[in-house]
Amino acid sequence: MLKKLDEIRTIIANEPVKKLVLAAANDHDSLSAVLRAAKDGIVIPILVGDKEAIQNIASSYGYDISDLRIVHEPDTEKAVEIAVKMASSKQAEILMKGKVGTSTLLKSVLNREWGLRTGKLLSHFALFEVETYHKLIAVTDVAMNIAPNLQEKIAIINNSIDCLHKLGIALPKVAVLGAVEMVNENMSATLDAALLSKMNQRDQIKGCIIDGPLAFDNAVSVESARHKGIKSEVAGDTDLLLMPDIEVGNVLYKSLVFFAKAKVASVILGAAVPIVLTSRSDSEQAKYDSIMLATAVSRKQQ
Ligand code: COD
């Protein structure tokens, strides 16, 4: 059981250093996180973007980047394309977003000719360290799949389960969230949740224990589940929260970060390489922790 994001460091301790390509590297927080990860021996960075802008950021913060490979490309979309191609041609094992919009990067990743498609659904996975919860808790999908259908939810669960296995959680407990814990035909999230639970019981989705629908309170609190008379192996001990859609997920993500002051690491799964795709509002620490998470994911993809 992992309690702190920092414990990922132990998981990746004996791994060879990974090459990370930072797309549109003229972004202070991303650059700073990457340089810290390089100093800690986690990654070897390749910076793609406007060389002068990157060097200006580095010199204004006193970073020494003289030893790093920089690929000069002032146009953001072209810089992203170069970075994605480096990952698809195996010159880099991790792709990271710098100063570029999320959908620009994702569209490039999904490019049919030179993108990072594997035939799997790509999905976003966020791992939270929340002071008021007894272990790390993952949340998916808060940033990529907008309104997943049942098949897409299965793919999102499978991506996340692979990742949790890589983090040493042998049988993750998955709570499929709804607004209520009873099946209500007018709430489609509860119908999908019931189907996913049954599919798990029948071994159509393996390697985890799924229960749902669960409301947020009974997913994360034993007392709350007991109070409602819910008998569940998952309730109060959830490892992974499956969101009904991106809006609910994104609001939960930001509530945890801004109100609960949670720490978070996140990664896009299902592509040829893990992708660090933190948002502008994420801290430098979140970017650093996400690099550690991506390293753990990339380690066992080989
Ligand atoms: N995995 C694999 N393939 C995908 C995925 C996925 N998750 N999503 C789309 N595709 C493929 C489709 O099969 C299709 O072949 C092609 O990509 C285009 O699909 P569209 O037309 O549905 O998708 P796009 O290009 O309009 O948009 C894809 C995005 C990922 C950009 C889109 O889903 C999106 O904008 N998601 C939200 C991103 C975002 O704004 N997040 C911010 C929250 S912080």
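In this report, the structure presented in the accompanying data block is examined. (Residues numbered from 1 in each chain as written. Predicted model: local features only at pLDDT ≥ 70, side-chain atom pairs only at ≥ 80, totals over all residues. Heavy atoms only, no water.)

### Regarding helix α10 (residues 246-258)
Step number 1: Look at α10: 18 Å from first C-alpha to last across 13 residues, which is about the 18 Å you get at 1.5 Å a residue.
Step number 2: Buried within α10 we find Ile246, Gly249, Leu252, Tyr253, Leu256 and Val257. Relative to the axis of α10, the buried residues are bounded by an arc of 135° and lie together on one face. Summarising the geometry of α10, the exposed residues directed more than 90 degrees from the buried face are Glu247 and Val251.
Step number 3: Looking at the buried positions of α10, the neighbouring elements they touch are β5 (123-129), β6 (137-140), α8 (216-220), β9 (240-242) and β10 (263-269). (Helix = DSSP H or I, 4+ residues; strand = E, 2+ residues; numbered from the N terminus. Expected span 1.5 Å × (residues − 1). Buried < 20%, exposed > 50% of the residue type's maximum accessible area, 1.4 Å probe, protein only. Arc of directions from axis to C-beta. Contact = heavy atoms within 4.5 Å.)

### Section: the site of the ligand
Step number 1: Residues in contact with the ligand amount to 15 residues; listed here are only the nearest, Arg112, Leu122, Ala143, Met144 and Asn145.
Step number 2: The separation between a nitrogen atom of the ligand and a polar main-chain atom of alanine 143 is 2.9 Å.
Step number 3: Taking methionine 144, its main chain carries an N or O atom lying 3.0 Å from a nitrogen atom of the ligand.
Step number 4: Among the secondary structure elements, those contributing two or more residues to the shell around the ligand are α5 (102-109) and α10.
Step number 5: With three residues, α5 is the largest single contributor of residues to the shell around the ligand.
Step number 6: Classifying every residue of the shell around the ligand gives eight nonpolar, three polar and four charged. (Near = heavy atom within 4 Å. Polar contact = N/O pair within 3.5 Å; in protein donor to acceptor, adjacent residues only side chain to side chain. Nonpolar A, V, L, I, M, F, W, Y, C, P; charged D, E, K, R; others polar.)

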